[in-house]
Amino acid sequence: MAENLEKVIQEVTARYGKDRTRMMDIVREVQARLGHVSGAAMDLIAREVKSHRVEVEGVVTFYAFYTDRPKGRHVIRVTDCVTARMRHVDEVVAAFEKELGIRVGETTPDGQITLERTSCIGLCDQGPAALIDDVPVTYISSDKVKSLVRVLRETGDAKKLVKTLGEGNNALDLVHSMVINNIRKRGDVIFAPFESGSAIRNAAAVSPAEVIRSVKTARLRGRGGAGFPAGMKGEFARNAAGDRKFLLCNADEGEPGTFKDRVILTEAPDLLFEGMAVAGYAIGATEGILYLRGEYAYLRPYLEHVLEQRRAKKLLGKGIAGKAGFDFDVRIQLGAGAYICGEESGLIRSCEGLRGSPRDRPPFPVERGYLDLPTVVNNVETLCCAARVLEKGAAWFAQIGSEQSSGTKLFSVSGDCRRPGVYELPFGLTVAEFLKEVGGDDAQAVQVGGPSGTCIDRGQFGRKLGFEDLPTGGSMIVIGPQRDILDVAAAFMEFFVEESCGWCAPCRIGNVLIRERLERIRAGKGLPEDLTYLEELCTTVKKTSRCGLGQTSPNPVATTLQNFRKAYEAKLLPARQDGRQPTFDLRAALSEAVRVQGREPVAH
Amino acid sequence: MSDFTFTIDGVEVPANKGQTILEAADAAGIYIPRLCWARDLAPGGHCRVCTVLVNGRPQSACTHPAGPKMVVEHDTPEIRAWRKNVVEMLFVEGNHYCMFCEKSGNCELQAMGYRLGITTPKYPYMFPQRAVDATHPDVMVDHNRCIACGRCVRASRDLDGKNVFQFVQRGHHVRVAVNAEGGLGRTNLSAADKAAQLCPVGAILVKRVGYAVPVGRRLYDVKPIGSDIEAKRAATPSGK
């Protein structure tokens, strides 16, 4: 076994050139072959790539999909997303526990199956869902659990769980997935037909500076949520000193309720890769990385195939479109279950084989990014828009949408509505119009932009979706009148506590404290002063945290305290007249002493 | 001569290109509270106690470069409250038994608590279960008192060239681990290493020197933390 371990590690590290920046791939492959990354394996990996054991341990223990302890041959990860909770995912989990005879976090005694919960896996419109090994399993109900477990045990192959294939490219042999696209509305930018090479040819016909000018004229802004002008970002990188630059595509959508990039990756990868090549040309990058979230590993073989085809067609590689010097290629970097890697500097670190903690800025990635070289990180949808701008012209793009938000936007719609799925709509529509479109007219609230966004009440349904009013990375969770808004906020806080990277104190500790007080209120033990306590705590975390995660993680509580204060007030204890703290339970406080002493106190 | 000036709470501060706000403030005798920062170490941006407003936006002074005409707000009631809250968080996150900790009086966390006027934290204690690593003959690690400031990580990597420490796990499970399966004793750490010296709290302690200076006569028993920096300002004629 020891010899085998050594052999595996030597093979795997050699495959990645003993390059420590490929640690994500090395760890993934070692785990795939050995089941887990033991301390002995860490020692050997460190030796082979000239790193340190504790650095390897830091990486292995940072990512949810890596493990330093043995797990079952198969891992069932049931999503803990709020949209799944709305669809009674807890009953599904209970059914798995019963069927397997274990609790969440445990492995069956025969070492076959481990059961876990995981954050949103991007299947909110077809939940409750789970990842079984790398295979997405959708629409799970408690009565299906028995057969899932039986097939898994009998075949030993999670792929055999796929009985009915999804539509479109989900049905391709290379994907072979039951996932459905659920494209409810196609617009002109993302889901319109696209001829590969059309944008690249137009880009190659002009100078890189003119490509950037087109993107600026189109007023294209980043689709990840923050809305930074894409042309300006490209220009910064183009003007940054140095010959070697990088173009990274952020396909790590992890915001609960977001799944639009999954559909782009499935149905329009050519448009995306075309956008990457065009952007690479514009900024002077010859190397691109698609950072694909670990949850979408099932799409990798197909995406590799598309890349191969594009190389064959001279749309990737050297001398693209016959133009000397237009060189660009893409490698796929798989993530491993860390929401924080969707933050651009966390993503860069992960690509470098490190823990995915973000960096302080400045310096910005456009000056010092991947391998400390100028780097642009763009969202999947942004790059698709860029390709379309080059294909159809900046003026064409700019006339869609609104003044500050040109183009269309993809919305991932889930929760309490009749038509969940993906919608491509022009920017600028109101929330009310949006709800009508998706069949959620009776909503009491909409979570716009996922938990890091804002939870709005009916009084705000006249607001417009776009950068000028209500920005969103695309996650739209409809919350029906039957829901307790505090349940929703609690699920979101759970998510941020789980996904904080732990680098900085306010986010690491503050979110735990917010959750504690919210739980106290939900349990009916909150006091009126707890609301101001929470508000001050939320402000501190937002103002002092290091990156976008901590700066927005209190939003589920902060925005509901603002917009749904009555829901909180209804659960509070009234202040006691005798001056005693109403939350203090004397009997409970004394219970242990009573038990030890075997007698009740004389007076209380 | 300085390259440019900027203001901190309206006071004009000279700075050189490449200096951080915190470095320029130190040179000018303005003390911005900080815990994870240490001289000779690259800034970590972990504790966020040095948060200031730069042209209205929150930034950590230890990482943010000073710039010409920058307007920095530092000692305002709002920012003081944030800092106090973050320090209180650090107190409740671990198990900090100041009354019998040998670092008491030399502890930067304790001193910061006094400086910011913390009597008792308003947050509930988390009482985590944490380990003590006494495997090394000359140095011990008590994770109860660790505030995850990363000084030991940076010092061991950048100053000692040993990479003895690194963060492992994620979120509130984050802890500092050592570069060996069997604990600190299996690493090549020496008590003379910077990594063993720079801990701001009582988490990494050199053994057998704990009570060399009696309580009451220790560094921050005498003067509040930051006094050395503020003394510079009092000494210059333009200082107010």
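Since this is a predicted model, take the numbers as computed values, not measurements. (Residues numbered from 1 in each chain as written. Chains lettered and ligands numbered in written order. Predicted model: local features only at pLDDT ≥ 70, side-chain atom pairs only at ≥ 80, totals over all residues. Heavy atoms only, no water.)

Quick word on the overall build of chain A
Alright, step 1. Scanning chain A for helices and strands turns up 24 helices and 14 strands.
Alright, step 2. Against the compact-globule benchmark of 25 Å for 604 residues, chain A has a radius of gyration of 25 Å, which places it among compact chains.
Alright, step 3. Each principal axis of the C-alpha atoms in chain A carries an extent, and together these give about 95 × 65 × 50 Å.
Alright, step 4. Residues counted as buried form 60% of the 604 residues belonging to chain A.
Alright, step 5. Put simply, of all contacts in chain A between residues at least 6 apart along the chain, 70% involve residues at least 24 apart.
Alright, step 6. Summing over all exposed atoms, chain A offers an accessible surface of approximately 23,000 Å²; the carbon and sulfur share of this is 50%.
Alright, step 7. Placing the 82 positive and 79 negative side-chain charges of chain A at their respective mean positions leaves the two points 1 Å apart. (Helix = DSSP H or I, 4+ residues; strand = E, 2+ residues; numbered from the N terminus. Rg over C-alpha atoms; globule rule 2.2 N^0.38 Å. Buried < 20%, exposed > 50% of the residue type's maximum accessible area, 1.4 Å probe, protein only. Contact = heavy atoms within 4.5 Å. Areas by Shrake-Rupley, 256 points an atom, 1.4 Å probe, with all protein chains shown as cover. Lys, Arg positive; Asp, Glu negative; His and termini not counted. Charge placed at Lys NZ, Arg CZ, Asp CG, Glu CD.)

Focus: the packing of aromatic side chains
Alright, step 1. Summed over the entire model, instances satisfying the criterion amount to 13 aromatic pairs over all chains.
Alright, step 2. Ring geometry for A:Phe495 against A:Phe496: centres 5.2 Å apart, planes inclined by 65 degrees, an arrangement best described as edge-to-face. Residue A:Phe495 shares its accessibility class with A:Phe496, and that shared class is buried.
Alright, step 3. Ring geometry for A:Trp503 against B:Phe167: centres 6.3 Å apart, planes inclined by 55 degrees, an arrangement best described as tilted. Linking A:Trp503 in the loop between α18 (485–499) and α19 (505–522) with B:Phe167 in strand β8 (residues 165–168), this pair reaches from one chain into another.
Alright, step 4. Among the residues examined, B:Phe167 registers a relative accessible area of 5% and is labelled buried.
Alright, step 5. Positioned above the aromatic ring of A:Tyr533, the side-chain terminus of A:Arg517 is 3.9 Å from the ring centre. (Phe/Tyr/Trp six-rings, centres within 6.5 Å; stacked < 30°, edge-to-face > 60°. Lys NZ or Arg CZ within 6 Å of the ring centre and 35° of its normal.)

Some thoughts on the domain arrangement of chain A
Residues and elements named next belong to chain A.
Alright, step 1. Here the domain parsing of chain A yields domain 1 (2–62), domain 2 (74–163), domain 3 (184–398), domain 4 (408–479) and domain 5 (488–569).
Alright, step 2. Once you take the C-alpha centre of each, domain 4 and domain 5 turn out to be 23 Å apart.
Alright, step 3. Each partner contributes residues to the interface: domain 4 has 13 residues there, and domain 5 has 11 residues.
Alright, step 4. Taken together, both faces of the contact between domain 4 and domain 5 bury some 880 Å²; the carbon and sulfur share is 65%.
Alright, step 5. For domain 4, the biggest contributors to the area lost against domain 5 are Pro451, Ser452 and Cys455; these three give 52% of the whole.
Alright, step 6. Put simply, the parts of the chain that give the side of domain 4 that touches domain 5 at least two residues each are β12 (445–448), β13 (454–457) and β14 (475–479).
Alright, step 7. Looking at the side of domain 4 that touches domain 5, the element that brings in the most residues is β13, giving 4 residues. (Domains from an automatic or database assignment. Buried area = accessible area lost by both parts, 1.4 Å probe.)

What about the pairing of β12(A)?
Residues and elements named next belong to chain A.
Alright, step 1. Residues Ala445 and Gln447 line one face of β12 and the alternating positions Val446 and Val448 line the opposite face, and both faces are buried.
Alright, step 2. Here β12 runs beside β13; their pairing, made up of 4 bridges, is antiparallel. The residue bridging Gln447 from the neighbouring strand is Cys455, located in β13. (Pairing = 2+ DSSP bridges.)

Focus: the sheet that holds strand β2 (residues 113–118) of chain A
Residue and element names in this part refer to chain A.
Alright, step 1. Reading across from one edge, β2-β1-β3-β4 is the order of the 4 strands in this open sheet, with mixed pairing throughout. Of all strands in the sheet, those with a lone pairing partner are β2 and β4 (135–137), marking the two edges. Averaged over all pairs of adjacent strands, the angle between their axes in this sheet comes to 25 degrees, without regard to strand direction.
Alright, step 2. Sheet analysis places strand β1 (residues 74–79) next to strand β3 (residues 130–132), joined by 3 bridges and oriented antiparallel. Considered in β3, the bridge of Arg77 is made with Leu131.
Alright, step 3. Where helix α6 (residues 89–100) meets the sheet, it contacts β1 and β2, and its direction lies at approximately 165 degrees from that of β2.
Alright, step 4. Running over the sheet, helix α7 (residues 145–155) touches β1, β2, β3 and β4 and is turned about 135 degrees from β2. (Axes fitted to C-alpha atoms, helices over the stretch in contact; angles between N-to-C directions.)

Overview of the interface of chain B and chain A
By convention, interface size is frequently given as the accessible area that disappears when the constituent parts associate.
Alright, step 1. At the interface, 44 residues of chain B touch 45 residues of chain A.
Alright, step 2. For the pairing of chain B and chain A, the buried interface totals around 3,600 Å² over both sides, and the portion due to carbon and sulfur atoms is 56%.
Alright, step 3. Put simply, chain B and chain A have 4 salt bridges between them.
Alright, step 4. At the junction of chain B and chain A, the tally comes to 22 residue pairs in polar contact (both at pLDDT 80 or more). (Salt bridge = Lys/Arg side-chain N within 4 Å of Asp/Glu carboxyl O. Polar contact = N/O pair within 3.5 Å; in protein donor to acceptor, adjacent residues only side chain to side chain.)

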